[in-house]
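Fold and geometry: a report
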Amino acid sequence: MLRRIGEEPSLKETKKPMKEVSFPAPFKEGLEFSSPARGTWNIVHTGMLIPQSHQIFVCAQGCLRGVVLTAAEMNAMGRYSSVAIREENVLEGNMEEFMIDGITDVLKKLSYKPKAVLVFISCQHFFLAYDQDMVFRELRKRFPDISFTDCYMIPTLRKSGLTPDQKMRIQLYSLLSPKEKRKDKINLIGSNLPISKSCELFRIVKAAGANLQMVNWCETYEEYLDMAQASLNLYYEPLAKMAAEDMKQRLGQEAFYLPFVYQEDRIENAYEKLSQKLGIQKPDFKEEKASAKKALKEAYQVIGNTPIAVDYTFTFRILSFVRMLLEHGFFVREIFADMFLPEEKEDFLWIKEHYPEMVISPTSRPQMRFLVEKSEEKVLAIGQKAAYFTGTDYFVNVVESGGLYGFDGIFQIANQMKEAFCHKKDRKILIQRKGYGCESCI
């Protein structure tokens, strides 16, 4: 971490062949670099999913810079406020009074009355051991018709315990209160991006006589609160596991995990288990499977042996996705990932056995800032970071799987790969926009 900034980067310390990579962490942790590929969501984007809500960040001025820019870029400044912590607030020990008065002042000056307020606290609050219960008790007393919940911007805890992303997914549903359960309502939780409505999951849920709902589709706060009526919560993002467990404990909603996989037999297995859970016979997805296979075949006929680079921001199960491409003849030359999920071990071992020379590269090591390629060779990138590090304008601009799941997801991804290969994109403009799928002023 203390090496000279101008030192030449070592390829041996960064890019490694698969045969030399350990699982699940191929690279040592240390000083980190953040590339300008900014399509993944942060806590501001996720909190904005609650309709008719307002966010108030109580942080130091320097910490506020990033979140206020996020709100501004997504044209949501009307739903964002901040209370800046100054040195005297820390030294005088009046954090509780400062927070209550600051938030009260913000709410009284708003031009509208929010249904809910998300109060984001920061590292300083943990260092000072402030009385959070007292703060929220007083806020609820002053504003009885507004729902308050606590949210966290605590990067100091990013490497221990729950990550900010995991915690935010829990708090996203923290305003829900227990309601009488209805079997005709099923939630899909924990996803920043809405699932494609052509996904097979809708057929399964419909066959069970239920409707699938997500916070992404709620237009009013009342619709959001009605999510507590669902008898079952589905989730396919690993980051949503703790949210599902919290909702099971607080609201009495059962949880069902659908692994985000790309192999036909694994998708079928997940659908079979879900159908059993819902007490129905699994629908026949013969046509969907055939369409996915055909789309992959047609994509390969266009792309051929062109080198492909994939990064972890594209999908939650990058190794399952890469394995699918390899099994269908594509030439995946490089994977950009800093670590892998424990559930990906089988795919890791398969790739390591069959493609030992495949290159694994980190995205956060400082040396990577010197290793942005500008090759004249055509490369197809899948994911924004892969596009950045390979320097290609031929890329699939999707993050966090883009709501593409199952056979329909494979069908759509294959078509996007084909389109990306044939048509250049403005890489520098697209990847600098925060929050893929959100409105952007850039």
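Look up: the structure comes first, before these words.
Now for a quick tour of the structure. (Residues numbered from 1 in each chain as written. Predicted model: local features only at pLDDT ≥ 70, side-chain atom pairs only at ≥ 80, totals over all residues. Heavy atoms only, no water.)

As for its placement among the helices and strands, Gln124 is situated in helix α6 (residues 123-128). For Gln124, the side chain forms a polar contact with the side chain of Ser122, separated by 2.6 Å. (Helix = DSSP H or I, 4+ residues; strand = E, 2+ residues; numbered from the N terminus. Polar contact = N/O pair within 3.5 Å; in protein donor to acceptor, adjacent residues only side chain to side chain.)

Let us now look at helix α17 (residues 406-422). In an α-helix, one full turn covers 3.6 residues, which means residues spaced three or four apart are oriented alike. Over its 17 residues, α17 extends 25 Å from the first C-alpha to the last, a length consistent with the 24 Å expected when each residue adds 1.5 Å. Inspection of α17 places Gly406, Phe407, Asp408, Gly409, Ile410, Ile413, Ala414, Met417, Ala420 and Phe421 among the buried residues, and these make up the whole buried set. The inward-facing, buried residues of α17 contact α12 (264-278), α13 (286-303), β10 (308-311), α14 (318-327), β13 (380-382) and β14 (395-396). (Expected span 1.5 Å × (residues − 1). Buried < 20%, exposed > 50% of the residue type's maximum accessible area, 1.4 Å probe, protein only. Contact = heavy atoms within 4.5 Å.)

Here we come to the pattern of salt bridges. Applying the stated criterion to the full structure yields 29 salt bridges. The partner of Glu357 in a salt bridge is Lys19, and the shortest N-O contact between them spans 2.7 Å. Of this pair, Glu357 sits in the loop between α15 (345-354) and β12 (359-361) while Lys19 is found in the loop between β1 (16-17) and α2 (43-47), placing the two residues 338 residues apart along the sequence. A salt bridge links Arg427 to Asp393; its shortest N-O distance comes to 3.1 Å. Of this pair, Arg427 sits in helix α18 (residues 427-430) while Asp393 sits in the loop between α16 (384-390) and β14, and the two are 34 residues apart along the sequence. Among the ionic contacts, a cluster of salt bridges with common partners joins Arg266, Arg317, Arg323, Glu327, Glu343, Glu344, Glu346 and Asp347. (Salt bridge = Lys/Arg side-chain N within 4 Å of Asp/Glu carboxyl O.)

With that settled, the discussion passes to the pairing of strand β11 (residues 332-336). Across the five residues of β11, four count as buried, placing the element largely inside the fold. Bridging between β10 and β11 involves four bridges; their strand directions are parallel. Bridging across to β11, Val310 finds its partner in Ile335. Handedness of the crossover joining β10 and β11 through α14 is recorded here as right-handed. Bridge count for β11 against β12 is three bridges, and the pairing is parallel. The residue bridging Ile335 from the neighbouring strand is Ile360, located in β12. As a crossover connection, the stretch from β11 through α15 into β12 is right-handed. (Pairing = 2+ DSSP bridges. Right-handed = clockwise from strand over helix to strand, strands pointing away.)

So, about the sheet that holds strand β2 (residues 53-60). In spatial order, the strands read β3-β2-β4-β5; together these four strands make up an open sheet with parallel pairing. Looking at which strands have only one partner, the edges of the open sheet turn out to be β3 (80-85) and β5 (147-153). For this sheet, the mean inter-axis angle between neighbouring strands, taken without regard to orientation, is 20°. Note that strand β4 (residues 116-122) and β5 share seven bridges and pair parallel. Note that in β5 the partner of Leu118 across the bridge is Thr149. (Axes fitted to C-alpha atoms, helices over the stretch in contact; angles between N-to-C directions.)

Before going further, it helps to examine the side chain of Ser401. Relative to the elements of secondary structure, Ser401 occurs in the loop between β14 and α17. Using a relative accessible area of 3% as the deciding quantity, one classes Ser401 as buried. Once residues lying within four places of it in the same chain are set aside, the contact partners of Ser401 are Phe260, Tyr262, Phe314, Thr315 and Phe316.

One open sheet accounts for six strands, arranged β1-β12-β11-β10-β13-β14; its pairing is mixed. Both outer strands of the open sheet, β1 and β14, are each paired with one neighbouring strand and no more. In terms of strand pairing, β13 meets β14 through two bridges, oriented parallel. By the bridge assignment for β14, Ile382 is matched with Val396. This element, α14, spans β10, β11 and β13 of the sheet and lies at about 175° to β11.

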